[in-house]
Amino acid sequence: MRWQVLLFFSVLSLSSVLGQVSYSIPEEMAKGSLVGNIAQDLGVDVRRLQAGKARIHTGDSAEYIQLNKENGLLIISQRIDREALCGQTTPCALHFQIALENPIEIFPITVEITDINDNAPLFEKKERRFEISESAFIGSKFVLEKAIDADIGLNGLQSYTLKPNDHFVLKLHSQSDGGKKVEMILQKPLDRERQEFASLLLTAVDGGEPQRSGTMQIHISVLDANDNAPLFTQNVYKASVKENSPTGTLVTKVSATDADKGSNGEVSYVIVNSMRSISDLFHITEEGELTLNGPIDYEKAKKYEIDIEAVDRGGLSESSKVIIDVGDINDNTPVINMISSSNSIGEDSRSSTVVAVMSVYDPDSEENGKVRCVIGKTIPFKISPSSSNFYSILTDSDLDREVASEYNITVTCSDEGVPSLSSCVTLTLQISDVNDNAPVFERSSYEAYIVENNTPGLSIFTVKARDADWNQNARVSYILDDSSVNGVPVSSYVSVSADSGVIHAVRSFDYEQIKDFHFRVKAQDGGSPPLSSNVTVKIVIQDQNDNPPQVLYPVQTGGSVVAEMVPRAADVGYLVTKVVAVDVDSGQNAWLSYKLQKATDRALFEVGLQNGEIRTIRQVNDKDVVKQRLTVIVEDNGQPSRSAAVIVNVAVADSFPEVLSEFTDFTHDKEYNDNLTFYLVLALAVVSFLFITCVVVIISVKIYRWRQSRILYSSNLPVIPYYPPRYSDTLGTGTLQHVYNYEVCRTTDSRKSDCKFGRAGSQNVLIMDPSSTGTMQRIQSEKSILDEPDSPLEQKPPNNDWRFTQGQRPGPSGPHMPYGTHIRWTPKSGTRATGGPEVAMGTGPWPQPPTEAEQLQALMAAANEVSEATATLGPGTMGLSTRYSPQFTLQHVPDYRQNVYIPGSTATLTSNPQQQQATAQQAAQQALPPPQVSAQPEPPKAAQTPASKKKSTKKEKK
């Protein structure tokens, strides 16, 4: 059998919002067969189908058509049987929708299924038996069972044939439902005696290509005569019944009468419709009552036509039609199908944004099938009908995820039946977050406190900001705003944790340097673009008792003794002095109290607890010692408290000299430093360095002198000249080229001394105040010719008057010492109390002429003395009081013009006229007076011991 497949399509309407496309295909097409190019017909790009997730929505019906999104074609997904799908309904069509997303679009599609001749006419019964009286009249009608052909149109039942047709012919009657009533009409009388039984073949033929047919065997038995057939009271009966009526409900009652008597007049009723569905739904009794035999549904069939046959016992029959109208009741709730919906929508979506599209259908009719859909009024959404049976859910106002992050949209659809039936569907819609909220701090400003001297890295407090957004948009990071505190970046003071907002101290704070400071912290979310907010933070530094009191008065110096004088006539309550102290701390840490810790006489003085005033508490008398030493403790009120001690020296005397004589013998207590170890190590390092330096210098000097001595030794001088210890050699060939005076200043502390070096013999020392209250000045009487670079040193030739005999020349055992020594005692405070004048050096007689051995011995003795004097030098301390501030000159260049010795002569050349006159007198007298001890300074020595003094005395005697 060859099937011809015809494909028809017609585009009924296309629209950018909602288009409809119709196709026509024959039934029984193979799976995968092409229906149509939907992408081309709709004018939609294939990529749009793919991006919009195109899909077919068929509702509750089976899916016969599928969409190939790759090429936009509609193809057969399974075999379509028009008869199973639509039965006798025409036209037969599949209705479905193609849904697209982003944006949402719905395209209704109609596919009409055309019939092909795939079903042959069928009789429900394979045979039929008739009992016909021989007396039947020509023209008697016998209703035959209709054949059923599931096909329609030309492929449906077209004609019947009856063979053999000697006595009977067929007559067809068209009916309102499109069917044909088949009657067998007697055209020739029957003769039972000639033929008691007859067999006929009824053939039903359709009009399809190829043609199909069905047959039924008819058996006729010829009976005795029954010349009256039953007659119905009506040719057509009409009735109505409500759907869902219970089984046994009476639909209508038919009635037929037979004029015959006896058994020939008994009439029975049968339903002659060959469709099984009719016989399953209806039943007719012997009395002609038509009742329901099963449930009927208006949605399946709105009207039924039933053929009722009345047959008497003689075999005569008559037929009538019963038309039953099925009445609709509101027995179906609206059917809601969600065609397309969004799971989430951004909170920044505009109003009237489509959220979902759904179809609503009610199978009921008229008012029962009219549907109205609503949603709750408390949510920002609305529902709007977009086309027939289609509804769209749209946003009705602006959305805010922070107000509601999720909506359950319940759509309720109700029909207008009585009672009304409704159905509902709930759509859960998530509101996606948009970064539209900046972080908000819990406070408008923060103020935190931290105690000074904190540990760096200490957590001070935490700032907290909250963001109403969600997920990444609500992730808050904390940033320290760029600013400065007193010109220093605030990042060097504090830091903030980016995640937790904990503020840490970067450094240790000092209340005395900074008491508070401000900065700003920015909270920034993780959105794009990020939003931020700022808050001002104030850090207040709290004071800690970390500073001891500082004494401002009396001033404590390491080199002077400051004493407060109290007259002996002072009364009780006499204000001696006032201890002034301050504490850089604040609050109660700076409250100071004064206490007298130690005193020479505790019964004489008291200290004011609050003001630090030192007053007498009794009358001062003559028995009170002059030197009073008070130790005052200044203590703050902190926890724990800190204190400082000050020593106040009080002199109970009426005159200053009395005080001075007493306080010069003061010995000072040994003071210890908290960092004593550090200073000891430092001193050791310095001493070691100086020692090494001195050793190197001494070695260098020794080598240099040795080389000079070798040079002198190798000279060709015939005689080593002898120079008396007090005279200078103008030729530069002597061992001691100059005369030096050494001044040794001794203190009560034997480890410290002042040294004066190299003074000219003609220089004088002027002491302005023996009580050390004045300023000591040194005045140089004459300027050395060496200080004048423009004046050349010239020596005048000696005359004969300068020469002496050898008997007049002084020997090495002369009584004159070449050095003058001053020993001045100075208290530790460094104030010099005394000083002596310097005496100019004179000349002496030479009783015996020295031999060369004696000259050499004298030179060696002089060198030995110089060496011993140099070796015994030690570090000294200039006793300079900061109170009196004396100024001293430590070193002077010797003046060569004072005393000049001429070799071979006992005369002394001097530039001083007075000395020249004295020399002339001495020459006349042939003897020189013993010279006074010179006050010129010697090379500095360490503190002299009795042994050294004895040694010096022996040398003087020698």
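### Considering the overall build of the chain
Looking only at helices and strands, the chain features 10 helices and 60 strands. Each of the 958 residues in the chain was classed as buried or not, and the buried ones make up 40%. Taking all contacts inside the chain whose residues are at least 6 apart in sequence as the whole, residues at least 24 apart take part in 69%. Accessible surface, the chain: about 52500 Å² in total, of which carbon and sulfur atoms supply 52%.

### Notes on the sheet that holds strand β17 (residues 236–242)
Strands sit in the order β17-β24-β23-β20 across an open sheet of four strands; the sheet is mixed. Either end of the sheet is taken by a strand with one partner, and the two such strands are β17 and β20 (267–271). For this sheet the average axis-to-axis angle between neighbouring strands, irrespective of direction, equals 30°. Both β17 and strand β24 (residues 317–327) contribute to a ladder of seven bridges, which runs parallel. Counterpart to lysine 238 in the pairing with β24 is isoleucine 323.

### Comments concerning the pairing of strand β15 (residues 213–223)
Two faces belong to every sheet, and in a regular strand the side chains alternate between them. For strand β9 (residues 127–133) and β15, the ladder comprises seven bridges, and the chain directions are parallel. Looking at the pairing, glutamate 131 lines up with serine 221 of β15. For strand β14 (residues 197–206) and β15, the ladder comprises nine bridges, and the chain directions are antiparallel. Bridging from a neighbouring strand, valine 205 pairs with serine 213 of β15. Between β14 and the antiparallel strand that follows it, β15, lie six residues.

### So, the packing of aromatic side chains
Enumeration over the complete set of coordinates arrives at 14 aromatic pairs. Between the aromatic rings of phenylalanine 232 and tyrosine 269, the centroid separation amounts to 6.1 Å while the plane-to-plane angle is 50°, which identifies the pairing as tilted. Taken as a pair, phenylalanine 232 in strand β16 (residues 231–232) and tyrosine 269 in strand β20 lie far apart in primary sequence, 37 residues in all. Just as phenylalanine 232 is buried, tyrosine 269 falls in that class too. The interplanar angle of 40° and the centroid separation of 5.3 Å between the aromatic rings of tyrosine 493 and phenylalanine 517 together place this pair among those described as tilted. With a gap of 24 residues between them, tyrosine 493 in the loop between β39 (488–489) and β40 (494–496) and phenylalanine 517 in strand β42 (residues 516–525) connect regions that are remote in the sequence. Classification of phenylalanine 517 by relative accessible area gives buried; the value is 2%. Aromatic rings pair up to connect Phe441, Tyr446, Phe461 and Tyr478 into one cluster.

### Focus on unusual backbone geometry
Look at the link from asparagine 102 to proline 103: it is a cis peptide, with omega at 0°. You can see proline 103 is positioned in the loop between β7 (92–100) and β8 (105–114). For the bond from serine 528 to proline 529, the omega torsion is -5°, close enough to zero to count as cis. Its location among the elements puts proline 529 in the loop between β42 and β43 (532–542). The phi dihedral of asparagine 244 is positive, around 65°, even though this residue is not glycine. Inspection of the secondary structure puts asparagine 244 in the loop between β17 and β18 (250–253). The backbone phi angle of serine 352 is positive, close to 70°, even though this residue is not glycine. Mapping serine 352 onto the fold places it in the loop between β26 (344–346) and β27 (354–361).

### Notes on the pairing of β8
For β8, the buried fraction is high: eight of the 10 residues fall into the buried class. Pairing analysis gives six bridges linking strand β2 (residues 20–26) to β8, with the strands arranged parallel. Along β8, the bridge assignment pairs isoleucine 25 with isoleucine 113. Pairing of β7 with β8, which is carried by nine bridges, proceeds in the antiparallel orientation. Within the sheet, the bridge partner assigned to alanine 93 lies in β8 and is glutamate 112. With antiparallel pairing between neighbouring strands as the criterion, β7 and β8 make up a hairpin whose turn holds four residues, including asparagine 102 at a positive phi of roughly 55°.

### Re the state of the cysteines
A full pass over the atoms with the stated rule returns two disulfides. Bridging cysteine 86 to cysteine 92, the disulfide has an S-S length of 1.8 Å. One quick way to see it: the torsion about the S-S bond of cysteine 86 and cysteine 92 is about 65°, and its sign makes the bridge right-handed. Each member of the pair, cysteine 86 as well as cysteine 92, is classed as buried. Across the disulfide from cysteine 373 sits cysteine 413; the S-S distance is 2.1 Å. Here the disulfide of cysteine 373 and cysteine 413 is right-handed, its torsion about the S-S bond being about 105°. With cysteine 373 in strand β28 (residues 371–375) and cysteine 413 in strand β31 (residues 406–415), this pair connects stretches of sequence that are 40 residues apart. The exposure class of cysteine 373 is buried, given its relative accessible area of 8%. Among the cysteines of the chain that take part in disulfides, numbered as they appear in the sequence, the pairing is 1-2, 3-4. Of all cysteine sulfurs, the one in cysteine 413 lies closest to cysteine 424, which takes part in no disulfide; the gap is 9.0 Å.

### Concerning the pattern of salt bridges
Counted by the stated rule, this structure contains 20 salt bridges. Residue lysine 181 pairs with glutamate 183 through a salt bridge whose shortest N-O separation is 3.5 Å. Judged by its relative accessible area of 5%, glutamate 183 falls in the buried class. The residue lysine 321 makes a salt bridge to aspartate 307 at a minimum N-O spacing of 3.1 Å. Taken together, the positions of lysine 321 in strand β24 and aspartate 307 in strand β23 (residues 303–312) put the pair 14 residues apart, joining distant regions of the chain. The same class applies to lysine 321 as to aspartate 307, namely buried. Members of the salt-bridge network, linked through shared partners, are Lys146, Glu305, Asp307 and Lys321.

### Describing a nonpolar patch on the surface
Judged by side-chain polarity, Phe678, Tyr679, Leu682, Val686, Phe689 and Leu690 come together as a nonpolar surface patch covering roughly 620 Å² of accessible area. Looking at where leucine 682 falls in the secondary structure, it is placed in helix α7 (residues 676–713). Its relative accessible area of 43% is what places leucine 682 among the partly exposed residues.

### Digging into the confidence of the model for the chain
Residue-level pLDDT values for the chain average 75, and 70% of them are 70 or greater. In the predicted structure, residues 1–18 sits below a pLDDT of 50 and forms 43 contacts with residues beyond four places in sequence or in another chain. The low-confidence segment residues 666–673, where pLDDT is below 50, has eight contacts with residues more than four positions distant or belonging to other chains.

### A word on the environment of tyrosine 449
Following the sequence through the fold, tyrosine 449 ends up in strand β34 (residues 445–451). You can call tyrosine 449 partly exposed: its relative accessible area is 48%. Discounting chain neighbours no more than four positions away, the residues touching tyrosine 449 are Ile460, Val540 and Gln542. Polar side-chain contacts of tyrosine 449 include one of 2.8 Å to the side chain of glutamate 447.

### Let's talk about the sheet that holds strand β32 (residues 422–432)
The mixed open sheet is built from four strands, whose spatial order is β26-β32-β31-β28. The open sheet has two edge strands, β26 and β28, and neither has a second partner. Along the sheet, successive strands turn relative to each other by an average axial angle of 30°, direction set aside. Sheet topology note: the β26/β32 ladder contains three bridges and is parallel. Its bridge partner being in β32, serine 344 is matched across the sheet by glutamine 430.

### Overview of the side chain of glutamate 613
Checked against the element boundaries, glutamate 613 lands in strand β50 (residues 613–616). Overall, glutamate 613 belongs to the buried group, its relative accessible area being 18%. A polar contact is formed between the side chain of glutamate 613 and the side chain of arginine 615, at a distance of 2.9 Å.

Reading guide: rules and limits
Numbering of residues starts from 1 in each chain and follows the order in which that chain's sequence is written. Given that this is a predicted model, residues contribute local features only at a pLDDT of at least 70 and side-chain atom pairs are listed and counted only at 80 or more, while totals for whole chains, interfaces and linings are drawn from all residues. As a rule here, side-chain values come from all non-hydrogen atoms in the structure, and water together with hydrogens is ignored. Put simply, DSSP marks the helices as runs of H or I at least four residues long and the strands as runs of E at least two long, and each gets a number from the N terminus on. Burial here depends on accessible area, computed with a 1.4 Å probe over protein chains only, as a share of the maximum for the residue type. Under 20% is buried, over 50% is exposed, and the range in between is partly exposed. Note on contacts: a residue pair qualifies if any of its non-hydrogen atoms lie within 4.5 Å across the two residues. Computed with a 1.4 Å probe, the accessible areas rest on the Shrake-Rupley method; for each residue, only the protein chains presented here act as cover. Here the rule is simple: two strands pair whenever DSSP picks up at least two bridges between them. As a rule, the C-alpha atoms of each element are fitted with a line to give its axis, helices using only the stretch in contact, and angles between N-to-C directions run from 0 to 180 degrees. A pair of aromatic rings is counted whenever rings of Phe, Tyr or Trp (Trp by its six-membered ring) have centres within 6.5 Å, and the orientation is called stacked for planes under 30 degrees apart, edge-to-face for over 60 and tilted otherwise. Two cysteine sulfur atoms make up a disulfide if the distance between them is within 2.5 Å. Put simply, a salt bridge is a Lys or Arg side-chain nitrogen that is within 4 Å of an Asp or Glu carboxyl oxygen. Every patch collects residues that have over 30% relative accessible area and no salt bridge, joining them within 9 Å if they carry like charges and within 5 Å if they are nonpolar side chains (Val, Leu, Ile, Met, Phe, Trp, Tyr). Known as pLDDT, the predictor's per-residue confidence is scaled from 0 to 100. Contacts described as polar in this section are N or O atom pairs within 3.5 Å, which, within protein, must combine one atom able to donate a hydrogen with one able to accept it, while residues neighboring in sequence count only if both atoms come from side chains.

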